[in-house]
Amino acid sequence: MAKTKVALLTAGGLAPCLSSAVGGLIERYTDIAPDADIIAYKSGYRGLLMDYKIEINQHMREQAHVLHRYGGSPIGNSRVKLTNVADCVKRGLIKEGQNPLQVAAERLAADGITILHTIGGDDTNTTAADLAAYLGANGYDLTVVGLPKTVDNDVVPIKQSLGAWTAAEVGARFFDNVSNEQSAAPRTLVIHEVMGRHCGWLTAATARAYIQRIKHNEYVEGFMMNEALKNIDGLYLPETHFDMESEAERLKEMMDKTGFVTLFVSEGACMDEIIADREAAGEEIKRDAFGHVQLDKINVGGWFQQHFAKLLQAERSMVQKSGYYARSAPANHEDLRLIQSMVDLAVESGLNGVSGVTGHDEDQGGKLRAIEFPRIKGGKAFDLNTPWFKDVMDHLGQKFRPAA
């Protein structure tokens, strides 16, 4: 029987769970399978293709608990799609004529890997599925177990992805300071842009966490630092549609009354309208290796700023983005509990030869299980019927309708 040899890799963007998940996997294997060898491929699939790896020695095993204190990834990330041959060649990850899946499979075989853990979002885990399928079709026995990481919380059919709770809490803490910018000048528009390409969950959850954070604030009556200054006035998600004219009228009344307006905007809100505007103007929209629009080139917050600043007659406007601050944080207590439960199942699944992505399966009553790779996909929309979302919108006094 082949010796158990475990490989770890993290990929895609950061989320507040990667360091803890890596630490948790090392701890769990050390506890229940101490004879198993463990390595990590540096910078995700890039390291797998280029044979860059970290050997997890005894000292690292004993100190793995320290990783729970940090954000980021202790083994590095990258965005590589193993089925995008042209991109892999262009980036020098493989040679002309090579198949990335074959190169990756041969590296895993040469390294004697029996269990591969991928920690990432839908792209990372669907790439893992491609790799597992290739390996199976070519006679190489490998168990691949993914853990779902994404601050967007948009992986189908997983109820809650790792790191999303923390990102919402940290984004709220970030904006608690930024909101004080409303006192810097009259008629100020402050826009908080939150991550979320196709899914508004994080923007809505950050708004909810912020409302909860400030609801017990004590203010001194008569000063400008008051409840109105700290409030959110508008919330815009990819799943919601609004009428620009009527919304601007509502917000202008607030601006005229208080001298400030605060908006929370998902980075994917109004994406179709913005892309259409840009392409109609002859601009080429850049996309990454997975075909996703490069959101930093779109600048959704800037689009809202441009339109609303004029309509509200703002004398000062600004866009503040919490994304990199929030996604790089260490996991909070809520996420640490979720990480531990998924890590325990991931190790159990790996040792039992069960491939899949660990998560609470929404199609099976929320049961925590290794979900089959073919069922994993991204772009899950935020459910606007979520009870707490109604509470948030009622608090804002904002009308909306689902996007078409």
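Worth saying up front: this structure is predicted, and the values here are computed from it rather than measured.

Reading guide: rules and limits
All residue numbers refer to positions counted from 1 along the written sequence of the respective chain. Where totals are concerned, whole chains, interfaces and linings use all residues; where local detail is concerned, this predicted model gives features only for residues with pLDDT of at least 70, and gives and counts side-chain atom pairs only at 80 or more. Calculated side-chain values reflect all of the structure's heavy atoms, with hydrogen atoms and water omitted. Here, strands pair whenever DSSP counts at least two bridges between them. Runs of E in the DSSP output that reach at least two residues are strands. Runs of H or I that reach at least four are helices, and both are numbered from the N terminus. Interaxial angle, 0 to 180 degrees, is taken between N-to-C directions of lines fitted to C-alpha atoms, where a helix line uses only the stretch in contact. Whether two residues touch is decided by their heavy atoms; if any such pair falls within 4.5 Å, the residues are in contact. What makes a salt bridge here is a side-chain nitrogen of Lys or Arg within 4 Å of a carboxyl oxygen of Asp or Glu, nothing more. Remark: exposure states derive from per-residue accessible area (1.4 Å probe, protein chains only) relative to the maximum for the residue type, with buried under 20%, exposed over 50%, and partly exposed in between. UniProt positions are given in the numbering used here, feature names are shortened, and annotations may be inferred rather than shown by experiment. Patch membership requires over 30% relative accessible area and the absence of a salt bridge. Like charges are linked within 9 Å, and nonpolar side chains (Val, Leu, Ile, Met, Phe, Trp, Tyr) within 5 Å. Every accessible area reported is derived by Shrake-Rupley at a probe size of 1.4 Å, with residue values counting cover from the shown protein chains alone. All tallies of charge rest on Lys and Arg as positive and Asp and Glu as negative; His and the ends of each chain are not included. Charged groups are reduced to one reference atom each: NZ for lysine, CZ for arginine, CG for aspartic acid, CD for glutamic acid. Convention used here: a crossover is right-handed provided that the path from the first strand, over the helix, to the second strand proceeds clockwise when the strands point away from the viewer. The length a helix should cover is 1.5 Å for every residue beyond the first. The term polar contact refers here to a pair of N or O atoms within 3.5 Å; inside protein, the definition further demands a hydrogen-donor-capable atom paired with an acceptor-capable atom, and it admits residues adjacent in sequence only when both atoms are side-chain atoms.

Regarding the sheet that holds strand 9 (residues 260–266)
Part 1: With respect to topology, four strands assemble into an open sheet ordered 7-9-6-10, the strand pairing being parallel. Each edge of the open sheet is held by one strand with a lone partner, namely strand 7 (234–236) and strand 10 (316–321). In this sheet, neighbouring strand axes are inclined to one another by 15 degrees on average, regardless of whether the strands run parallel or antiparallel.
Part 2: Of the strand pairs in this sheet, strand 6 (residues 188–194) and strand 9 are connected by seven bridges, and their pairing is parallel. Across the sheet, residue Glu193 finds its bridge partner in strand 9, namely Val265.
Part 3: Lying on the sheet, helix 13 (residues 300–311) is in contact with strand 6, strand 7, strand 9 and strand 10; it crosses strand 6 at an angle near 155 degrees.

Section: the pattern of salt bridges
Part 1: Inspection of the entire model under this criterion finds 21 salt bridges.
Part 2: When the shortest N-O distance is used, the salt bridge between Lys321 and Glu193 registers 3.9 Å. Within this pair, whereas Lys321 is found in strand 10, its partner Glu193 is found in strand 6, the two being separated by 128 residues in sequence.
Part 3: A relative accessible area of 42% means that Lys321 is categorised as partly exposed.
Part 4: One network of salt bridges, in which partners are shared, links Asp361, Asp363, Arg369, Glu372 and Arg375.

A closer look at the UniProt feature "site: Important for catalytic activity and substrate specificity" (unreviewed entry) in the protein chain
Part 1: The sites that carry the UniProt feature "site: Important for catalytic activity and substrate specificity" (unreviewed entry) are, in the present numbering, Asp123.
Part 2: Note that Asp123 resides in helix 6 (residues 122–137).
Part 3: Residue Asp123 is classed as buried on the basis of its relative accessible area, which comes to 15%.

Some thoughts on a negative patch on the surface
Part 1: On the surface, a cluster of negative charge is made up of Asp243, Glu245, Glu249 and Glu253.
Part 2: Relative to the elements of secondary structure, Glu249 occurs in helix 10 (residues 244–258).
Part 3: When its relative accessible area of 53% is taken as the criterion, Glu249 is described as exposed.

A look at the pairing of strand 4 (residues 115–120)
Part 1: Burial analysis of strand 4 places six of its six residues in the buried class, which makes it a mostly covered element.
Part 2: Covered by surrounding structure in strand 4 are Ile115, His117 and Ile119 together with Leu116, Thr118 and Gly120, the residues of both alternating faces.
Part 3: When strand 1 (residues 5–10) meets strand 4, the two strands line up parallel, connected through five bridges. Its bridge partner being in strand 4, Leu8 is matched across the sheet by His117.
Part 4: Note that strand 4 and strand 5 (residues 143–148) share six bridges and pair parallel. Looking at strand 5, one finds that Ile119 is bridged to Leu147.
Part 5: Regarding topology, helix 6 serves as the crossover connection from strand 4 to the parallel strand 5, and that connection is right-handed.

Structural notes on the environment of Leu116
Part 1: Note on placement: Leu116 falls in strand 4.
Part 2: Given the relative accessible area of 0%, Leu116 is considered buried.
Part 3: Residues Leu116 and Val144, spaced 28 residues apart in sequence, show a C-alpha to C-alpha distance of 4.8 Å.

Looking at the environment of Met393
Part 1: The residue Met393 is located in helix 16 (residues 387–396) in this model.
Part 2: Considering only alpha carbons, one finds Met393 and Ala207, 186 residues apart in sequence, at a separation of 9.7 Å.
Part 3: Not counting residues up to four positions away in its chain, the partners in contact with Met393 are Leu235, Gln398 and Phe400.

A look at the sheet that holds strand 3 (residues 53–55)
Part 1: In spatial order, the strands read 3-2-1-4-5-11-12; together these seven strands make up an open sheet with mixed pairing. One side of each edge strand has no neighbouring strand; the edge strands of this open sheet are strand 3 and strand 12 (367–371). The average undirected angle you get between the axes of adjacent strands in this sheet is 25 degrees.
Part 2: As paired elements, strand 1 and strand 2 (residues 37–41) share four bridges and run parallel to each other.

Examining helix 15 (residues 333–351)
Part 1: Look at helix 15: 27 Å from first C-alpha to last across 19 residues, which is about the 27 Å you get at 1.5 Å a residue.
Part 2: Regarding helix 15, the residues found buried are Asp335, Leu338, Ile339, Met342, Val343, Leu345, Ala346, Val347, Ser349 and Gly350.
Part 3: On its buried side, helix 15 packs onto helix 1 (18–32), strand 4, strand 5, helix 7 (164–178), strand 11 (356–361) and strand 12.
Part 4: For helix 15, the N-terminal capping position is held by Asn332, with its side-chain oxygen 3.2 Å away from the main-chain nitrogen of Glu334.
Part 5: Of the residues one or two after helix 15, Gly353 is the one with positive phi, at around 75 degrees.

Side note on helix 1
Part 1: Taking 1.5 Å of rise per residue, 15 residues should cover 21 Å, and helix 1 covers 21 Å from first to last C-alpha, within 8% of that figure.
Part 2: Next to the buried residues of helix 1 lie strand 1, strand 2, helix 3 (58–62), strand 4, strand 5 and helix 15.

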